[in-house]
Amino acid sequence: MTSCRTLVSLLLSGGIAFASAAHAAGITVHDARNRDVTVDDFARTVSIGGAITEILYALGLESRLVGVDTTSLYPAAALHDKPNVGYMRQISAEGVLGLNPTLILAIQGSGPRETMDILETAKVPLVLVPETFSEEGLIEKIKLVGHAMGVDARAECLSAAVGADLAQLRALRAKVTKPVRVMFVMSLQNGRAMVAGHKTAADEIIQLAGAANAVDDYDGYKIIGDEAIVAAKPDVVLSIERGKESLQADAVYTHPGFALTPVAANKSFITMDGLYLLGFGPRTAAAARDLSVKLYPALAAGGAFTSALSTANCRQ
């Protein structure tokens, strides 16, 4: 009996040693810094970026999360249940490292630079997740996050569901015969509009919805004057809901620049949830579909958007 127990003990200890060795071998992730990062332990993960958090929940990995940032608004349980490490562009290194993470997943563009430098030199793997505003970039984001967390099969499942939703969106977009000109306005500062050009989430979501960005002569965000607004000839102004700071329709319609455009004449102002519209997470195809129907009401007659994401189970 004693020898049997000894054998079982040896087998168990050997199995544990084998599992530990396999775990210690690590997972290699090629991140947005063009670096290979080795992840040995993802049991205590900090997520910086709303899209990353949304992906982790969709993959059923919320139990591994020990902290999230303030842009992690979906699902609501994230900020309710997890410690908040602050806004993604104003992260405190002490706040992140104080949670004793074994892995930090941060969206490209997180900061400030000083904080990211400290996190990079810490003994905790930091994976900077690429932020490429495109269909391909969204799929790759999901796969990279899943790979970093050791759940490639779940990530393939989620990627397939999101890919199916994007295919439905392409079919819907093909029905648009005359794209409307949309101007995304982040804010009005002292009467001047902060608007989105190319290479922004706003620009890509406008295109995914089958519309054209009315701003086509620069990249990123820029404050423009009345003459530039009139010259752009926007048909619609698009903005995001930001609580008390949300842009209001009346402020747009009475603005000296927009008053001389079809926006004011047609009372064409759309506002949507910020993370949903610009987050480029799993729900992006649905957000683009919702925007498309707002821009082209006739498309709603084509039937409901049956999201593959809503029926897929990629959590196990």
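Let us look at the structure shown here. Since the structure is predicted, the reported quantities are computational estimates derived from the model, not experimental observations. (Residues numbered from 1 in each chain as written. Predicted model: local features only at pLDDT ≥ 70, side-chain atom pairs only at ≥ 80, totals over all residues. Heavy atoms only, no water.)

**Comments concerning the nonpolar core**
Judged by nonpolar contacts, the single largest core of 79 residues is most densely connected at Ile 48, Leu 105, Val 127, Phe 184, Leu 277, Leu 291 and Leu 295. Ranked by residue count, the leading element in this core is helix H6 (residues 135-148), at six residues. When sequence neighbours within four positions are dropped, the list of residues in contact with Phe 184 reads Met 194, Val 195, Ala 196, Ala 202, Ile 206, Tyr 221, Leu 238, Ser 239, Ile 240, Leu 277 and Leu 278. With 17 residues, the next largest nonpolar core counts Val 185, Ile 224, Ala 232 and Phe 258 among its residues. (Core = buried A, V, L, I, M, F, W, Y, C linked by side-chain atoms within 4.5 Å. Buried < 20%, exposed > 50% of the residue type's maximum accessible area, 1.4 Å probe, protein only. Helix = DSSP H or I, 4+ residues; strand = E, 2+ residues; numbered from the N terminus. Contact = heavy atoms within 4.5 Å.)

**Remarks on the sheet that holds strand E3 (residues 45-48)**
Strand order across the open sheet formed by four strands is E4-E3-E5-E6, with parallel pairing between neighbours. Two strands lie at the open edges of the sheet, namely strand E4 (65-68) and strand E6 (126-129), each paired on one side alone. Pairs of neighbouring strands in the sheet enclose a mean axial angle of 20°, with direction left out of account. Of the strands in this sheet, strand E5 (103-107) and E6 are in contact with helix H5 (residues 113-121), which crosses E6 at around 135°. (Pairing = 2+ DSSP bridges. Axes fitted to C-alpha atoms, helices over the stretch in contact; angles between N-to-C directions.)

**Some details on the environment of His 255**
Its location among the elements puts His 255 in the loop between helix H10 (249-253) and helix H11 (262-266). Here His 255 falls in the buried class, since its relative accessible area comes to 4%. With 64 residues separating them in the primary sequence, His 255 and Gly 191 have C-alpha atoms 7.3 Å apart. In contact with His 255, other than residues within four places in its own chain, are Leu 188, Gly 191, Asp 226 and Ile 229. For His 255, the side chain forms a polar contact with the main-chain oxygen of Gly 191, separated by 2.5 Å. (Polar contact = N/O pair within 3.5 Å; in protein donor to acceptor, adjacent residues only side chain to side chain.)

**What to know about the pattern of salt bridges**
Taken as a whole, this structure holds 13 salt bridges when the rule is applied. In this structure, Arg 33 and Asp 31 form a salt bridge, with 2.7 Å as the shortest nitrogen-oxygen distance. Linking Arg 315 and Glu 62 is a salt bridge whose minimum nitrogen-to-oxygen distance equals 2.5 Å. Of the two residues, Arg 315 sits in the segment after helix H14 (308-311) while Glu 62 sits in the loop between helix H2 (50-58) and E4, which places them 253 residues apart along the sequence. Accessibility expressed as a relative area gives 38% for Arg 315, which makes it partly exposed. When salt bridges that share partners are traced, they join Asp 31, Arg 33, Arg 35, Arg 113, Asp 117 and Glu 120 into one network. (Salt bridge = Lys/Arg side-chain N within 4 Å of Asp/Glu carboxyl O.)

**Observations concerning the packing of helix H8 (residues 201-208) against helix H13 (residues 284-295)**
Put simply, H8 and H13 touch, their axes get as near as 8 Å, and they point 65° apart. Taken as axis vectors, H8 and H13 run roughly perpendicular relative to one another. Helix-helix and strand crossings are classified by hand; for H8 and H13 the assignment is right-handed. Across the interface between the two elements, Ile 205, Ile 206 and Leu 208 from H8 touch Thr 284, Ala 288 and Leu 291 from H13. Considered class by class, the residues forming the contact of H8 with H13 number five nonpolar, one polar and no charged. (Parallel < 35°, antiparallel > 145°, perpendicular 65-115°, else oblique. Left-handed = near helix turned anticlockwise from the far one by under 90°. Nonpolar A, V, L, I, M, F, W, Y, C, P; charged D, E, K, R; others polar.)

**What to know about unusual backbone geometry**
Glycine aside, residues mostly have negative phi, and peptide bonds are mostly found in the trans state. Between Tyr 74 and Pro 75 the backbone carries a cis peptide bond, its omega angle lying at -10°. Position of Pro 75 relative to the elements: it lies in the loop between E4 and helix H3 (77-81). Going from Gly 111 to Pro 112, the amide bond is cis rather than trans, its omega being 10°. When you line up the elements, Pro 112 lands in the loop between E5 and H5. Non-glycine residue Asn 34 carries a positive phi angle of around 65°. Looking at the secondary structure, you find Asn 34 in the loop between strand E1 (27-30) and strand E2 (36-39). Of note, the phi angle at Lys 199 is positive, near 60°, even though the residue is not glycine.

**A look at the packing of aromatic side chains**
Working definition: an aromatic ring pair is given by the centre-to-centre distance plus the angle between the planes. Scanning all chains against the criterion turns up two aromatic pairs. Here Phe 184 and Tyr 221 contribute two aromatic rings whose centre-to-centre distance is 6.3 Å and whose plane-to-plane angle is 75°, an arrangement assigned as edge-to-face. In this pair, Phe 184 sits in strand E7 (residues 181-189) while Tyr 221 sits in strand E10 (residues 221-224), placing the two residues 37 residues apart along the sequence. Its guanidinium or amino end placed over the ring of Tyr 218, Lys 222 lies 5.1 Å from that ring's centre, counting from NZ or CZ. The ring of Tyr 253 is capped by Lys 267, whose NZ or CZ atom sits 5.2 Å from the centre of that ring. (Phe/Tyr/Trp six-rings, centres within 6.5 Å; stacked < 30°, edge-to-face > 60°. Lys NZ or Arg CZ within 6 Å of the ring centre and 35° of its normal.)

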